[in-house]
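# Descriptive structure summary
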Amino acid sequence: MDLVCPAGSLPALKKAVDAGADCVYVGLKNATNARNFNGLNFTREQLLDGVTYAHRHRRQVLLALNTYPQAHNWREWTDTIDLAAELEVDAVILADPGLMDYAVNRHPGLRLHLSVQGSATSFEAINLYQRYFGIRRAVLPRVLSLAQVQHVIDNTDVEIEVFGFGGLCVMVEGRCALSAFATGESPNCNGACSPGKHVRWEDTPQGMETRLNGVLIDRFGKDERAGYPTLCKGRFDVEGETYYALEEPTSLNTLDLLPELARMGVKAIKIEGRQRSPAYVAQVTRIWRAAIDRLQTRGDGFEVDPAWMAALNQVSEGQSHTLGAYYRPWK
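Structural notes, computed from the coordinates.

Cut-offs used in this document
- Residues numbered from 1 in each chain as written.
- Predicted model: local features only at pLDDT ≥ 70, side-chain atom pairs only at ≥ 80, totals over all residues.
- Heavy atoms only, no water.
- 1 Å grid on protein atoms, 1.4 Å probe; cavity = no way out; pocket = protein on both sides within 12 Å on 5 of 7 lines; lining within 4 Å.
- Points joined across faces, edges and corners; volume = space filled by probe spheres on them.
- Nonpolar A, V, L, I, M, F, W, Y, C, P; charged D, E, K, R; others polar.
- Phe/Tyr/Trp six-rings, centres within 6.5 Å; stacked < 30°, edge-to-face > 60°.
- Helix = DSSP H or I, 4+ residues; strand = E, 2+ residues; numbered from the N terminus.
- Buried < 20%, exposed > 50% of the residue type's maximum accessible area, 1.4 Å probe, protein only.
- Axes fitted to C-alpha atoms, helices over the stretch in contact; angles between N-to-C directions.
- Parallel < 35°, antiparallel > 145°, perpendicular 65-115°, else oblique.
- Contact = heavy atoms within 4.5 Å.

## A few points about the layout of surface pockets
Looking at the second largest pocket, its volume works out to about 240 Å³. Lining the second largest pocket are 14 residues; nearest its centre among them are Asn36, Phe37, Asn38, Pro195 and Gly196. Among the residues forming the lining of the second largest pocket, the class breakdown is 5 nonpolar, 6 polar and 3 charged.

## Focus on the packing of aromatic side chains
Tallied over the entire structure, the rule returns 4 aromatic pairs. Relative to Tyr228, the ring of Phe37 has its centre 6.3 Å away and its plane inclined at 85 degrees; by these criteria the two rings are edge-to-face. Of this pair, Phe37 sits in the loop between β2 (23–26) and α2 (44–56) while Tyr228 is found in the loop between β10 (215–220) and β11 (235–238), placing the two residues 191 residues apart along the sequence. By relative accessible area, Tyr228 is classed as partly exposed at 40%. Consider the rings of Tyr129 and Phe133, whose centres lie 6.4 Å apart with planes at 40 degrees: the pair is tilted. Taken together, the positions of Tyr129 and Phe133, both in helix α5 (residues 123–133) and 4 residues apart, correspond to about one turn of that helix.

## What about unusual backbone geometry?
For Ser194, which is not a glycine, the phi torsion comes out positive at approximately 60 degrees. Secondary-structure assignment places Ser194 in the loop between α8 (187–190) and β8 (199–204). Although it is not a glycine, Glu239 sits at a positive phi angle of roughly 50 degrees. Positionally, Glu239 belongs in the loop between β11 and β12 (241–244).

## What to know about the packing of helix α1 (residues 10–19) against α2
Packed helix pairs are characterised by how far apart their axes lie and by the angle those axes make with each other. Here α1 crosses α2 at 10 degrees, and the two axes come no closer than 10 Å. Classified by the angle their axes make, α1 and α2 are roughly parallel. Taken together, the residues of α2 that come into contact with α1 (itself represented by Leu10, Leu13, Lys14, Val17 and Asp18) are Gln46, Asp49, Gly50, Tyr53 and Ala54. Its residues assigned to classes, the contact of α1 with α2 shows 5 nonpolar, 2 polar and 3 charged.

Listed below in structure tokens is the structure:
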């Protein structure tokens, strides 16, 4: 299985490559990718440096172009596809069918991956993208059980990539409208869930409050770490009880499932976190590299090192982890 790791900066890309990533995925400093935050992502020159560094170490660079252009800004997205072909990135991760059509016709040699933002949760959808646009790999949303993932793999020739570690999203990516409801800006078009300009922290007598465009998302006690305000991970008053009504802040961690994912035929394990630091990228990549290598050498004798879990919990949301939707014994 390929280990696909995030890089929100050139130092993070180099850390991922040095720590053993097979592929590193990146985005440009604009709205063409779904992590369009200030201080994040690559300029043209940085992307060229990153591709050169990765290829020198026989690693691949995947460019996330996974938001949806509008009629007035279409050119920025197509220019990015042209740049990807020019700089010889190894694949472009797309969600918009119009952009796939453009890529196929203008750059037929460019490898295309279907982004998780494309919301393809069935083999019928994935096979349609393959038939019309030659998609080579599809990234599955984090809402499928293992049985459903197996069903997809059994019925398509497209490589399947699944999320293995990082922030957990209970929504079907590409279809969530929560952030747009609160801010008026769609993450699917502008590239940012909870855009920074709408985020506020305020120290109050009741505790540290976080708001998104004026909407109170959470209130933290003195001993609690104030997280970044996203609607899905806020605490809300529901019929007199205050709790995480939609989703608790925890990270997905599938190390325990690694042998099963390999047996199922999963082609790539994706680590979430382009918004995280180079140190985070290095630590997580190193652990997952060691785990995949151990699986390849020991096979059925594979065991998760407790030290791996302890280290990953330290960088997880809420310092805890879950198997998410993958583990549904009734499904």
